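# Notes for the structure review
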Amino acid sequence: MVIPDYKKYLAGERLPHIWCAGCGNGVILKALLIVLAELNFKHEEILLATGIGCICRAGDYVSFQRFQGTHGRTLAFVTGLKIARPDLKVFCLIGDGDCAAIGMGHLIHAARRNLDVAVLVANNLNYGMTGGQFSPLTPSKSLTSTSRTGKTETPLDICRLAEAAGANYVARTSVFHHGELRKFIREAISKKGFSLVEILTPCPTYYGRYNKIGGPGEMLTWFRDKTVPLNKYLQMNPEEQKDYFWRGKLVERDTLDFYTQGEKMKRPDD
Amino acid sequence: MTEEKNKVQFLSGNEACVWAGIHAKARFFAGYPISPATEIAEMCAQELPKHGGFYIQMEDEIGSIAAVIGASLGGLRAFTATSGPGLALMQENIGYAAMAEVPCVIINVQRFGPSTGIATKPAQSDVMTTRWGTPGDHSLIVLVPSGGQECYDLTIAAFNLAELFRTPVIVLTDAVIAHLREKVTFKTKEELFLINGDKRVLRVTGLVHDNFGYSSDVPEVAEKLITRLAQKIEGYQALLPRPRFYGPERPEVLIISFGISARAARQAVYLAEQEDLAVSLLELQTLWPFPEEKIRKIGAKAKTVLVAELNRGQVQREVRACGISPEKVRGINKIDSTVITPSEILNEILTIIKKNN
Ligand SMILES: Cc1ncc(C[n+]2csc(CCOP(=O)(O)OP(=O)(O)O)c2C)c(N)n1
Ligand code: SF4
């Protein structure tokens, strides 16, 4: 494949970035920038919204408009922003803690309203920035800095939650599957309404080390081996399913987005 | 919209705040219902769409202030309204707006607290919460109306100051003036001086950042930023609404008050005048930054300073900190969920004068 000129979206002078060697965050950012280049957006048409966490530092490395809010609240900020600027293409890049713990309420309501925004969830299976504690998306039995003998709680499927809340597009993949990653990001960005892509990504510094998965390379093959296509996953029995992440597209529909629906209700005759 | 001639209306404080917002070209309101501020949300839902604006009911107050900040960054003049419990939830993002320099207006209708307290009864106990509720070293602007007209005038001022200083501005009212119906005179188009904002979002973060909006952890960058954020407000206090002064310049008793308590104090000054007593009132319009210099100057000329407020002495402490000798400063306070009456203030004045002589 020919890689388009994504570097125009990169604030090259801000490099090197703060991420650890082998972190998946750079892969996600690059995939996003490549998609932006493919779709050839102008700088003033797009905005990257982030919260707080390792992945959320991505905003420091882009050359276009960038908004970084407080931990967990990105989608609430973006709700106001999109009402003021419905023309702006907004993508959110947030962590699993940011979106599924502290920001869960806003995520559900943004999906319910069908806000026209693409949410990319960098799921590194733990809180990276604060040193590797478990998040609501961390699998059971995982070793983390706050579950030294294994996480006892049940994890959440954020994709199914987004589906139930009303999202127009939901998919999950990993940074190992980078072709699929770019495809899903492109589809999510192109979709009018709320879209969410959960991206499984390695945090070798904490999750990989605590769970003895190995270095960056081993983590990537771990994601290869631990993920199965959605249709295959659905054929597994519940016990078997516990050992795998499904991957693929869960939802694709065209419910009217929040702003369009609001405008339409103001002028019912149109 | 505002007319060529001043229109006179009969409005509650809450309604006056909404009309002020509409006249000041606020076109976005995000909120979550809470007594005694709910009517502001209800009225915004009804009126803003008629003026090309938007009302959104968010999932909580954290979301409300966040949406307001987002809308403001997108170029809409934006506000929210709440009361104690909601203000508590907003604090993190109020600090965000201060740090990221996003203009926005928060109307906080004080009710009896802490916690759920008594939802429908007044208090003036959010004095410190509005100033220091959000963590970190910062400065912000808090205005304190004492009636319907002031709710209107100071809310318009709040939108302009938010834009001018690029900062959150809190309009601090209370359960009584929020519901008290009074004559309110609208401003004409000519009288409405509006400062205009910008639509561009650019690069915004709540992290310590350099002049280009990129995050930074360099000590010099942090110090420069924090100093500038405080200085841009504290160094320009002359632009903020000034306290009102009623009565003789060298009074036996100087009352300092704000909000609903200042209304009782006005009446008390009038009653004292009838009895030939030298009593004055300094009614605050800007609560924060605290008008220290003015209070020091006027306070120096008074024999006794009496601070009237519905709390255990939050403003009284600030008055002492202005450099007025502590033995001169007294307080009249109420913490039983009722208001201070003019005769209670007058009685206190009489006691003080008796003691002084
Ligand atoms: C209100 C608040 N609580 C806690 C924190 C501390 N904090 C910063 S990042 C973070 C978690 C980050 O985890 P995640 O969202 O999964 O992103 P990652 O760092 O793993 O990319 C926490 C708890 C904060 N900044 N603000
Ligand atoms: S701590 Fe984990 S998520 Fe954070 S930069 Fe390092 S590897 Fe990446």
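Here the structure is a predicted model, which is why all the values come from computation and not from measurement. (Residues numbered from 1 in each chain as written. Chains lettered and ligands numbered in written order. Predicted model: local features only at pLDDT ≥ 70, side-chain atom pairs only at ≥ 80, totals over all residues. Heavy atoms only, no water.)

### A word on the site of ligand 1
Taken together, 17 residues form the shell around ligand 1, and within it C54(A), D96(A), D98(A), N124(A) and G128(A) come nearest. The site occupied by ligand 1 is bordered by residues of chains A and B. For ligand 1, an oxygen atom lies 2.7 Å from a polar atom in the backbone of C54(A). M129(A) has a polar backbone atom sitting 2.9 Å from an oxygen atom of ligand 1. Within the complex, the protein chains bury 77% of what would otherwise be the 590 Å² of accessible surface of ligand 1. With four residues, the top contributor of residues to the shell around ligand 1 is helix α3 (residues 96-102) of chain A. (Near = heavy atom within 4 Å. Polar contact = N/O pair within 3.5 Å; in protein donor to acceptor, adjacent residues only side chain to side chain. Areas by Shrake-Rupley, 256 points an atom, 1.4 Å probe, with all protein chains shown as cover. Helix = DSSP H or I, 4+ residues; strand = E, 2+ residues; numbered from the N terminus.)

### Some points on the site of ligand 2
All residues in the neighbourhood of ligand 2 are listed as W19(A), C20(A), C23(A), N25(A), C54(A), N124(A), G128(A), C203(A), P204(A), T205(A) and Y206(A). Taken together, the residues of the shell around ligand 2 break down into seven nonpolar, four polar and no charged. (Nonpolar A, V, L, I, M, F, W, Y, C, P; charged D, E, K, R; others polar.)

### Focus: empty space enclosed by the protein
Tallied over the entire structure, the rule returns two cavities of 30 Å³ or more. For the largest cavity, the calculated volume is near 40 Å³. Around the largest cavity, the lining residues are G72(A), R73(A), T74(A), L75(A), I94(A), D98(A), C99(A), G103(A), H106(A) and L107(A). In terms of residue class, the lining of the largest cavity is made up of four nonpolar, four polar and two charged. Estimated volume of the second largest cavity: approximately 30 Å³. For the second largest cavity, the full set of lining residues is A98(B), H138(B), S139(B), T167(B), L229(B), K232(B) and I233(B). No other element matches the three residues that helix α8 (residues 219-234) of chain B contributes to the lining of the second largest cavity. Tallied by class, the residues present in the lining of the second largest cavity amount to three nonpolar, three polar and one charged. (1 Å grid on protein atoms, 1.4 Å probe; cavity = no way out; pocket = protein on both sides within 12 Å on 5 of 7 lines; lining within 4 Å. Points joined across faces, edges and corners; volume = space filled by probe spheres on them.)

### Looking at the nonpolar core
Grouped together as the largest cluster of nonpolar side chains are 124 residues, with contacts concentrated most on L36(A), V119(A), F194(A), F28(B), L287(B) and V319(B). The residues touching L287(B), leaving out its near neighbours within four places in the chain, are V127(B), V142(B), V144(B), L172(B) and V315(B). One finds L48(B), I233(B), L346(B) and I349(B) within the second-largest nonpolar core, a separate group that totals 63 residues. (Core = buried A, V, L, I, M, F, W, Y, C linked by side-chain atoms within 4.5 Å. Buried < 20%, exposed > 50% of the residue type's maximum accessible area, 1.4 Å probe, protein only. Contact = heavy atoms within 4.5 Å.)

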